[in-house]
Amino acid sequence: MTIKVVRGNPTPEELAAALAVVRARAAAAASAPSGAPGSRDAWADPARVAARRLPQPGPTAWGRSYWP
């Protein structure tokens with residue numbers, strides 16, 4: 001794998017920190033089972049969306065429109 005700095009002039013410590021992050025992510029991706037689906041984000045969970053009650057129209061509906 002080749003990494004090239006295209007902008008800026010990082011210090012050796014900054015470059016080492018960036019490379020450590022890239023190597024850690026690559027190692028985590030390599031060790032993950034290939035057929036296993038990723039963890040589902042709570043905001044994308046269909047059960048959460050189905051359980052949510054929609055606010056009723058009225059003067060205070062805007063206050064109940066956020067997702068807890």
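In this report, we go over the structure that sits alongside the text. Just so it is clear, the structure is predicted and the values come from calculations on it, not from any experiment. (Residues numbered from 1 in each chain as written. Predicted model: local features only at pLDDT ≥ 70, side-chain atom pairs only at ≥ 80, totals over all residues. Heavy atoms only, no water.)

What about the overall build of the protein?
Along the protein, the regular secondary structure elements total 2 helices and 0 strands. Taking all 68 residues of the protein together, 1% fall into the buried category. Element-wise, carbon and sulfur atoms account for 61% of the exposed surface of the protein, whose accessible area totals about 6400 Å². (Helix = DSSP H or I, 4+ residues; strand = E, 2+ residues; numbered from the N terminus. Buried < 20%, exposed > 50% of the residue type's maximum accessible area, 1.4 Å probe, protein only. Areas by Shrake-Rupley, 256 points an atom, 1.4 Å probe, with all protein chains shown as cover.)

Details of a nonpolar patch on the surface
Taken together, the side chains of I3, V5, L15, L19 and V22 make up a nonpolar region of the molecular surface, amounting to roughly 350 Å² of accessible area. Along the chain, the position of I3 falls in the segment before α1 (12–31). (Patch = residues over 30% accessible without salt bridge, like charges linked within 9 Å, V, L, I, M, F, W, Y side chains within 5 Å. Salt bridge = Lys/Arg side-chain N within 4 Å of Asp/Glu carboxyl O.)

Re the environment of L19
One can find L19 in helix α1. Take L19: its relative accessible area is 33%, and that puts it in the partly exposed class. Counting along the chain gives 16 residues from L19 to I3, while the straight-line C-alpha distance between them is 8.6 Å.

All we've got here are geometric facts, nothing functional implied.
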